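Observations on the three-dimensional arrangement
As a plain string of letters, each chain reads:
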Amino acid sequence: MITTTATQTSQQRWSANRLTSARDLPLKAASAIADSVNKALADTFAVYLKTKNFHWHVSGPHFRDYHILFDEQASQLLASTDELAERVRKIGGGTLRSIGHVARLQRVPDDDRESVSAAEMLRELEADNRALAKALREAHEVADEYGDVATASLLENLIDEAEKRTWFLFETGRAQPTDRSGARVTPQLA
């Protein structure tokens, strides 16, 4: 049994717990990439759970549209968690093991409020997906630094998905144009 002491470095702990892997990445590279991808994975789980929370609790005049949008986005996020975790495993790393582990690594804040307006949900998820794209870019920089094109390629696709979710949330939450009296105006195409 391997014991972890306060004197062991992160790299020593990683080395002791890593899987034998067919990857030819040096230990330093694999460790750094796994750490950065695990942080992005924790953020992905945080955004996933918040998106499902809002899916379950949305209400108002656009209930059906938002309910479906949030569910579609949550499904995409959940699928990406498996891709990220499996990539960490492929390079010989260990990945997230519990909700507590996610909580220790996540940088996207939780939202435990009982009541959140639909407009707030859209704005918050937009910001969270922007933060997730940033976390994925940070992991991409680490993968690039060590020449790990497979991880970089995976992250590029996930960055694009995060940007698309951000775009949909932004456009969905845009205020409708109104005239001077406050009545909605339908834009005319030229």
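Relevant structure appears above.
Of the regular secondary structure elements, the protein holds six helices and zero strands. When the helices and strands of the protein are read in sequence order from the N terminus, they spell out α-α-α-α-α-α. Of all 190 residues assigned to the protein, the portion counted as buried reaches 39%. A separation threshold of at least 6 residues defines the contact pool for the protein, and within that pool the share at least 24 residues apart is 71%.

This next bit is on the environment of leucine 41. Its location among the elements puts leucine 41 in helix H2 (residues 27-57). Under the relative-accessibility criterion, leucine 41 is labelled buried at 1%. On a C-alpha basis, the gap between leucine 41 and glutamine 106 in space is 8.2 Å, while along the polypeptide they are 65 residues apart. The contacts of leucine 41, once residues within four sequence positions are left out, are Thr81, Leu84, Ala85, Thr95 and Leu96.

Moving on: the side chain of threonine 151. Looking at where threonine 151 falls in the secondary structure, it is placed in helix H6 (residues 149-173). In this structure the side chain of threonine 151 is engaged in a polar contact, spanning 2.6 Å, whose partner is the side chain of aspartate 148. Among residues more than four places away in sequence, those in contact with threonine 151 are Ile33, Val37, Arg87 and Ala143.

Let us now look at the packing of helix H3 (residues 63-90) against helix H5 (residues 118-145). Look at H3 against H5: their axes get within 13 Å of each other, and the N-to-C directions meet at 20°. Overall, the two elements H3 and H5 adopt an arrangement that is roughly parallel. Crossing angle aside, the handedness with which H3 passes H5 is left-handed. Residues Tyr66, Leu69, Phe70, Gln73, Leu77 and Leu84 of H3 form the contact with H5, whose own contacting residues are Ala118, Met121, Leu122, Leu125, Asn129, Leu132 and Leu136. A breakdown of the residues in the contact of H3 with H5 according to their chemical character gives 11 nonpolar, two polar and no charged.

Another point: the packing of H3 against H6. One way to put it is that H3 packs onto H6 with a least axis distance of 11 Å and a crossing angle of 165°. In terms of axis orientation, H3 runs roughly antiparallel to H6. In the packing of H3 onto H6, the handedness of the crossing is left-handed. Across the interface between the two elements, Tyr66, Leu69, Phe70, Gln73, Gln76, Leu77, Ser80, Glu83, Leu84 and Arg87 from H3 touch Ala150, Thr151, Leu154, Leu155, Leu158, Glu161, Arg165, Phe168, Leu169 and Thr172 from H6. Of the residues in the contact of H3 with H6, the class split is 11 nonpolar, five polar and four charged.

Another point: the environment of arginine 104. For arginine 104, the location among the structural elements is in helix H4 (residues 99-105). For arginine 104, a relative accessible area of 63% translates into the label exposed. As a C-alpha pair, arginine 104 and lysine 39 span 65 residues in sequence and 9.3 Å in three-dimensional space.

Here we take up the pattern of salt bridges. Per the stated rule, a full pass over the model turns up 12 salt bridges. A salt bridge links lysine 52 to aspartate 71, with the nearest nitrogen and oxygen atoms 2.8 Å apart. Separated by 19 residues along the polypeptide, lysine 52 in helix H2 and aspartate 71 in helix H3 bring together distant segments of the chain. For arginine 130, the salt bridge goes to glutamate 126, with nearest N and O atoms at 2.7 Å. Of this pair, arginine 130 and glutamate 126 both sit in helix H5, four residues apart, roughly one helical turn. Judged by relative accessible area, which is 47%, arginine 130 ranks as partly exposed. Salt bridges here are not isolated pairs; linked through shared partners, they connect Lys50, Asp111, Arg113, Glu120, Glu124 and Asp128.

Rules of the game
Residues numbered from 1 in each chain as written. Predicted model: local features only at pLDDT ≥ 70, side-chain atom pairs only at ≥ 80, totals over all residues. Heavy atoms only, no water. Helix = DSSP H or I, 4+ residues; strand = E, 2+ residues; numbered from the N terminus. Buried < 20%, exposed > 50% of the residue type's maximum accessible area, 1.4 Å probe, protein only. Contact = heavy atoms within 4.5 Å. Polar contact = N/O pair within 3.5 Å; in protein donor to acceptor, adjacent residues only side chain to side chain. Axes fitted to C-alpha atoms, helices over the stretch in contact; angles between N-to-C directions. Parallel < 35°, antiparallel > 145°, perpendicular 65-115°, else oblique. Left-handed = near helix turned anticlockwise from the far one by under 90°. Nonpolar A, V, L, I, M, F, W, Y, C, P; charged D, E, K, R; others polar. Salt bridge = Lys/Arg side-chain N within 4 Å of Asp/Glu carboxyl O.

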